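# Commentary on secondary and tertiary structure
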Amino acid sequence: MILKNGKFYQNGFLIDGALLIEGGVIKETISDPSKQDFADLKDKNEDGRIIECKNKIILPGIIDCHTHLRDMSQEHKETFRTATKAAAFSGITTVFNMPNTDPPAITSSIVQKWMNKAKNNIYVDVGFIAGIPKQLNPEEIKNIIDLGVVGFKMYPHESLNGLDWTIKGNIQLLLQISSRYKIRIFIHPQWPRSATDTRELFENYFFRDSNLLKLHDKLFPCTSETQFVQYVLENYENFIKTDHLSPEEYPIVHFCHISCKDSYSLIKNILVKSPHYKISYEVTPHHIFLSNEISLSKAAVGKVMPPLRDLGVKEFFYRELRMGNLLMIATDHAPHTLKEKAAEFLDAPSGFPGLETYPLLFLHEVTKYKLSLVNFVKIASENPAKVFHLQTKGFIEEGYDADLLIIDKCSEYKINPSRFHSKSKISPYEGMKTNIEIWKVFLRGIEINIKDRTPIGKIIS
Ligand code: NCD
Ligand code: ZN
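Now for the packing of aromatic side chains. This model, assessed by the stated rule, comprises 21 aromatic pairs. Considering the side-chain rings of Phe186 and Phe388, the 6.0 Å spacing of their centres and the 25 degrees angle between planes classify their relative orientation as stacked. Taken together, the positions of Phe186 in strand S10 (residues 184-187) and Phe388 in the loop between helix H14 (373-387) and strand S13 (404-414) put the pair 202 residues apart, joining distant regions of the chain. The ring of Phe220 carries the charged tip of Arg193 above its face, separated from the ring centre by 6.0 Å. Sitting over the face of the ring of Phe345, Lys303 holds its NZ or CZ atom 5.3 Å from the ring centroid.

Take a look at the structure:
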């Protein structure tokens with residue numbers, strides 16, 4: 001297959017040229033092709049297919065390391081099929097799936113069951129993140145790693161395995177496992193508080209502050225995020241020092257959805273001081289584009305963990321984005337049903353779908369010259385590919401997977417959640433505008449944003 005006459009993104013430039021794709025891989029990239037170059041390329045084009053991409057922009061497929069695909073007993077919220085279809089139609093060609101399923105994916109048999117179900121039911125490539133087994137059972141940990149998971153996830157506020165992650169001994173053991181098996185630990189950074197305390201705080205605040213999203217931010221404040229980040233970083237440094245680890249042995253830690261200035265600064269500073277530390281982080285689209293001051297017809301739609309923060313924090317992350325300081329974006333796509341979200345604010349579940357709005361929002365900023373395309377490709381594709389060692393993804397280069405997103409500019413239209421492929425047809429971005437059309441999306445050279453396509457996604461290990 002040849003993609004011709006489009007502009008493809010390579011090394012910071014948009015190149016007028018053509019791509020030859022064969023066997024799911026980018027075989028050749030040519031810039032400013034002459035008639036002869038193009039004739040030569042045509043000779044090598046085994047399937048004879050040529051796609052005219054005039055006026056279109058070809059980008060590497062997006063990699064999103066934080067999604068909740070649900071399925072299993074939560075099919076009413078989302079399935080592997082619906083979530084990965086949402087990704088496929090958005091240009092997100094690789095996602096990582098989180099383990100807070102029902103039951104939680106904390107044993108090898110559950111992880112295995114999950115992977116079996118996903119096989120033949122995913123439209124994009126999926127990496128699985130497991131929960132941490134009970135009592136840190138070494139045999140289970142080994143078995144789960146052997147299944148090919150991309151990491152373990154730790155939830156200190158809602159521990160999946162009953163372990164208290166505020167006990168130093170537990171976190172030290174986890175860092176040891178990471179170091180020994182070279183496996184990544186994804187962390188939801190939040191110092192826990194009991195449900196009774198939360199209810200009490202809620203009732204005390206409720207009459208004083210009618211803005212429920214601000215209240216939610218007060219209930220789960222930046223101080224608790226920062227406290228947990230600081231605690232992990234201290235343990236990380238202590239472990240390295242007391243065990244005299246060499247850089248290859250450093251534990252691998254990824255902080256999910258950083259949403260506060262102080263927690264962000266702690267991570268940035270430690271990476272400046274010790275660039276060899278294997279520490280990464282993500283920021284979500286909603287902490288860049290939304291604040292707790294937005295007005296929604298139903299506040300629970302904007303209820304998410306971590307909460308939307310105040311305007312100053314949102315503006316801070318938006319500036320960091322524009323200045324090219326962020327490492328990567330992850331959606332934390334967290335689908336729930338309309339009915340669940342209609343509950344009383346405190347009882348409504350946290351989270352909303354994010355896959356189908358992410359590229360539309362960011363690329364809209366690019367067309368308004370508020371965000372450079374170079375920055376976008378870095379945080380959406382290149383950096384996640386580098387950090388997670390996805391060696392054939394994230395770049396339009398010869399030998400890489402032909403995971404591609406082809407976009408076009410169109411007249412502005414409003415985001416309409418009722419059109420989502422996700423089962424969760426709600427969004428705090430409803431009514432916001434974009435001028436981006438996701439024209440074609442390819443996974444290993446196969447067009448996947450087509451209605452009746454069979455799922456060809458693979459499990460990444
Ligand atoms: C997530 C969910 O719904 O699974 N919700 C959310 O608000 N992000 C859970 C989580 O990631 O904490
Ligand atoms: Zn999440």
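The subject of this paragraph is the pairing of strand S7 (residues 92-97). Within S7, six of the six residues are buried, which leaves the element mostly enclosed by the surrounding structure. Traced from strand S6 (residues 62-67) through helix H2 (residues 80-88) to S7, the parallel crossover comes out right-handed. With four bridges connecting them, S7 and strand S8 (residues 125-131) associate as parallel partners. Residue pairing across strands places Asn97 opposite Phe128, the latter belonging to S8.

All right, on to the coordination of the zinc ion (ligand 2) then. Distances from the zinc ion (ligand 2) to its protein donors, namely His66 (NE2), His68 (NE2) and Asp332 (OD), fall within the range 2.1 to 2.2 Å. Angles of 86 to 145 degrees at the metal separate the four donor atoms of the zinc ion (ligand 2), which places the site in the irregular class. Ordering the donors of the zinc ion (ligand 2) by residue number gives the pattern H-x1-H-x263-D. His68 matches His66 in its accessibility class, with the two residues each being buried.

Taken together, His66, His68, Arg70, Asn100, His188, Val304, Met305, Asp332, Ala334, His336, Ser350 and Gly351 make up the full set of residues near ligand 1. Here an oxygen atom of ligand 1 and a side-chain polar atom of His188 are 3.3 Å apart. Contact distances for ligand 1 include 3.2 Å between an oxygen atom and a backbone N or O atom of Gly351. For the shell around ligand 1, a count of residues per class yields three nonpolar, seven polar and two charged.

This part is about the packing of helix H13 (residues 358-367) against H14. The angle between the axes and the distance between the axes are what describe a pair of packed helices. Their axes nearest at 9 Å, the elements H13 and H14 cross at an angle of 155 degrees. By the criterion of interaxial angle, the relationship of H13 to H14 is roughly antiparallel. Relative to H14, H13 is oriented so that their crossing is right-handed. Residue-level inspection shows Tyr358, Phe362, Leu363 and Val366 of H13 in contact with H14, the latter providing Leu373, Phe376, Ile379 and Ala380. Its residues assigned to classes, the contact of H13 with H14 comprises eight nonpolar, no polar and no charged.

Conventions and cut-offs
- Residues numbered from 1 in each chain as written.
- Chains lettered and ligands numbered in written order.
- Predicted model: local features only at pLDDT ≥ 70, side-chain atom pairs only at ≥ 80, totals over all residues.
- Heavy atoms only, no water.
- Phe/Tyr/Trp six-rings, centres within 6.5 Å; stacked < 30°, edge-to-face > 60°.
- Helix = DSSP H or I, 4+ residues; strand = E, 2+ residues; numbered from the N terminus.
- Lys NZ or Arg CZ within 6 Å of the ring centre and 35° of its normal.
- Buried < 20%, exposed > 50% of the residue type's maximum accessible area, 1.4 Å probe, protein only.
- Right-handed = clockwise from strand over helix to strand, strands pointing away.
- Pairing = 2+ DSSP bridges.
- Donors = N, O, S within 2.8 Å, 3.2 Å for Na, K, Ca; no water.
- Tetrahedral: all angles 85-135°; square planar, octahedral: opposite > 155°, others 65-115°.
- Near = heavy atom within 4 Å.
- Polar contact = N/O pair within 3.5 Å; in protein donor to acceptor, adjacent residues only side chain to side chain.
- Nonpolar A, V, L, I, M, F, W, Y, C, P; charged D, E, K, R; others polar.
- Axes fitted to C-alpha atoms, helices over the stretch in contact; angles between N-to-C directions.
- Parallel < 35°, antiparallel > 145°, perpendicular 65-115°, else oblique.
- Left-handed = near helix turned anticlockwise from the far one by under 90°.
- Contact = heavy atoms within 4.5 Å.

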